[in-house]
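Each chain, letter by letter, is given below.
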Amino acid sequence: QVQLVESGGGLVQAGGSLRLSCAVSGRTFSSYAMGWFRQAPGKEREFVAGISWNDGSTDYVDSVKGRFTISRDNAQNTVYLQMNSLKPEDTAVYYCAARRGTATRYRYDYNSWGQGTQVTVSS
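Residues numbered from 1 in each chain as written. Predicted model: local features only at pLDDT ≥ 70, side-chain atom pairs only at ≥ 80, totals over all residues. Heavy atoms only, no water.

## Quick word on the environment of Asp73
Tracing the chain through its elements places Asp73 in strand β7 (residues 68-73). With residues up to four places along the chain from it excluded, the contact list for Asp73 reads Phe29, Thr78 and Tyr80. (Helix = DSSP H or I, 4+ residues; strand = E, 2+ residues; numbered from the N terminus. Contact = heavy atoms within 4.5 Å.)

What follows is the structure, encoded as structure tokens:
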């Protein structure tokens, strides 16, 4: 397993931007698919975006398509989530997660998680 540490959350007005980072420990980061999930109060943790380990293919939940971009820097062992045009409904704790194999949308497929970073979007 690898260890993950998120950063970059904060308070932003609607329409603003934030970039989340997830630093991953371990020498085999490049072989892990990475995902970003979020959990709002009283709601289930939901998939936001994923990126594969080999060809860099990406996947997004419909509600963030065109606004969020997931990327990875294998040399820096870091995955990013660029969030633009933020909306109040994006408010949540954001988690990054890792798994061997392909990126999926299912939280239970991921066996390594960060501690989460709070994103709050004011209207």
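Moving on from the coordinates now.
## Here we look at the packing of aromatic side chains
Summed over all chains, the structure comprises five aromatic pairs. Arranged with centres 5.7 Å apart and planes meeting at 80°, the rings of Phe37 and Phe47 form a pair that is edge-to-face. With Phe37 in strand β4 (residues 32-39) and Phe47 in strand β5 (residues 46-51), the pair connects residues that are ten residues apart, well separated along the chain. Of the two residues, Phe37 and Phe47, both sit in the buried class. On the numbers, 6.4 Å between centres and 80° between planes, the contact of Tyr95 with Trp113 is edge-to-face. In this pair, Tyr95 is assigned in strand β9 (residues 92-100) and Trp113 in strand β10 (residues 112-113), connecting sequence segments 18 residues apart. Residue Tyr95 is classed as buried on the basis of its relative accessible area, which comes to 13%. What makes Trp113 partly exposed here is its relative accessible area of 26%. In textbook terms, an aromatic cluster arises when at least three aromatic residues are bridged by ring pairs, as seen for Phe37, Phe47, Tyr95, Tyr110 and Trp113. Sitting above the plane of the Tyr95 ring, Arg45 keeps its charged end 3.7 Å from the centroid. Cation over ring: Arg45 sits above Trp113, and NZ or CZ is 4.9 Å from the ring centre. (Phe/Tyr/Trp six-rings, centres within 6.5 Å; stacked < 30°, edge-to-face > 60°. Buried < 20%, exposed > 50% of the residue type's maximum accessible area, 1.4 Å probe, protein only. Lys NZ or Arg CZ within 6 Å of the ring centre and 35° of its normal.)

## Structural notes on the pattern of salt bridges
Opposite charge on two side chains makes pairing possible when the charged atoms of those side chains draw close. Under the counting rule described, the total for this entry stands at six salt bridges. Residue Glu44 pairs with Arg107 through a salt bridge whose shortest N-O separation is 3.7 Å. Residue Glu44 is located in the loop between β4 and β5, and its partner Arg107 is located in the loop between β9 and β10; the two are separated by 63 residues in the primary sequence. Each of Arg38, Glu46, Arg67 and Asp90 takes part in a single network of salt bridges with overlapping partners. (Salt bridge = Lys/Arg side-chain N within 4 Å of Asp/Glu carboxyl O.)

## Brief notes about the side chain of Thr78
You can see Thr78 is positioned in strand β8 (residues 78-83). From its side chain, Thr78 meets the backbone oxygen of Gln76 in a polar contact 2.9 Å long. What Thr78 contacts, discounting residues up to four positions off in sequence, is Ser21, Cys22, Ala23, Phe29, Ser71, Arg72 and Asp73. (Polar contact = N/O pair within 3.5 Å; in protein donor to acceptor, adjacent residues only side chain to side chain.)

## Observations regarding the environment of Val119
Tracing the backbone through its elements, the reader meets Val119 in strand β11 (residues 117-122). A relative accessible area of 0% means that Val119 is categorised as buried. Not counting chain neighbours up to four residues away, the residues in contact with Val119 comprise Gly9, Gly10, Leu18, Leu20, Met83, Asp90, Thr91, Ala92 and Tyr94.

By themselves, these observations are geometric and do not establish any function.
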